[in-house]
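# Coordinate inspection notes
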Amino acid sequence: GISVALTEMLRRDKALGARIDLSPADINVFLTLASDDDRTLRVYAGEFLHDLGSPMVAKAAIERAAALGKSAAMDNARFNLIFIAQNGWKDLPPATRKQLAPQIETIRRDSRGKDRTLELLKKLPAF
């Protein structure tokens, strides 16, 4: 329910995202929801985190996506985590982006044959 309420709040006014301060533990909870098998949980948590546009969220989402492995069961979660990362990625310092290069490569390797995921991954600007 909280995920739905926060998503709806940001749908009405994206500027409110700047006033939301999530702890790393909070981010972890929302990333878990955004990786859930339940489509509704995944979509609402994913949209909320994406709309926040937080570099901290982007970094955590990429790290989590890289840790999922090659399991086909994780394809939706991997896609959603990359989607989440896109909005905050642009504000990550270049040094942090560079540190995440091995994780990006892992995601790319684990997503072979998943064109939708690979296309989304291409939208993350280079270092």
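Please read these numbers as outputs of a predicted model, since none were measured by experiment. (Residues numbered from 1 in each chain as written. Predicted model: local features only at pLDDT ≥ 70, side-chain atom pairs only at ≥ 80, totals over all residues. Heavy atoms only, no water.)

## Brief notes about the pattern of salt bridges
What counts here: Any carboxyl oxygen of Asp or Glu that lies within 4 Å of a side-chain nitrogen of Lys or Arg is treated as forming a salt bridge with it. In this text, helices come from DSSP runs of H or I with a minimum length of four residues, and strands from runs of E with a minimum of two, each type numbered from the N-terminal end. Throughout this description, buried means an accessible area under 20% of the type-specific maximum (1.4 Å probe, protein chains only), exposed means over 50%, and partly exposed covers the range between.
What the rule picks out here adds up to nine salt bridges. Residue arginine 78 pairs with aspartate 75 through a salt bridge whose shortest N-O separation is 3.0 Å. Of this pair, arginine 78 and aspartate 75 are both found in helix H5 (residues 75–89), three residues apart, which corresponds to roughly one turn of the helix. Using a relative accessible area of 0% as the deciding quantity, one classes arginine 78 as buried. For glutamate 105, the salt bridge goes to arginine 108, with nearest N and O atoms at 3.2 Å. Remark: arginine 108 and glutamate 105 occur in helix H7 (residues 101–110); sequence separation between them is three residues, near one turn of the helix. Judged by relative accessible area, arginine 108 falls into the partly exposed class, the value being 34%.

## Some words on the environment of threonine 117
Tracing the backbone shows threonine 117 in helix H8 (residues 115–122). Relative accessible area serves as the criterion here: at 5%, threonine 117 is assigned to the buried category.

## Thoughts on the confidence of the model for the protein
Applied cut-off: Per residue, pLDDT measures the predictor's confidence, with a range of 0 to 100.
Taken as a whole, the protein shows an average pLDDT of 90; of its residues, 99% reach a score of 70 or greater. By mean pLDDT, helix H1 (residues 2–12) is the weakest element of the protein at 81, and helix H4 (residues 55–67) is the strongest at 96.

## Things to note about helix H3 (residues 39–52)
Condition: In this scheme, a helix's expected span is set at 1.5 Å multiplied by one less than its residue total. By the convention used here, residues are in contact when the closest approach between their heavy atoms is within 4.5 Å.
The terminal C-alpha atoms of H3 lie 20 Å apart, and with 14 residues this matches the ideal 20 Å at 1.5 Å per residue to within 8%. Within the sequence span of H3, burial applies to Arg42, Ala45, Gly46, Glu47, Phe48, Leu49, His50, Asp51 and Leu52. Tucked into the core, H3 has its buried residues touching H1, helix H2 (24–34), H4 and H5. Directly after H3, the chain includes glycine 53, whose backbone phi takes a positive value near 65 degrees.

## A look at the nonpolar core
This is how it is decided: In plain words, nonpolar cores are sets of buried Ala, Val, Leu, Ile, Met, Phe, Trp, Tyr and Cys residues tied together by side-chain atoms within 4.5 Å.
In this structure, Leu49, Ile62 and Ile84 are the most contacted members of the largest nonpolar core, which totals 31 residues. Of the residues forming this core, the biggest block, seven residues, is contributed by H5. With residues near it in sequence (within four places) discarded, leucine 49 still touches Leu22, Phe30, Leu31, Ala34, Val57 and Ile84.

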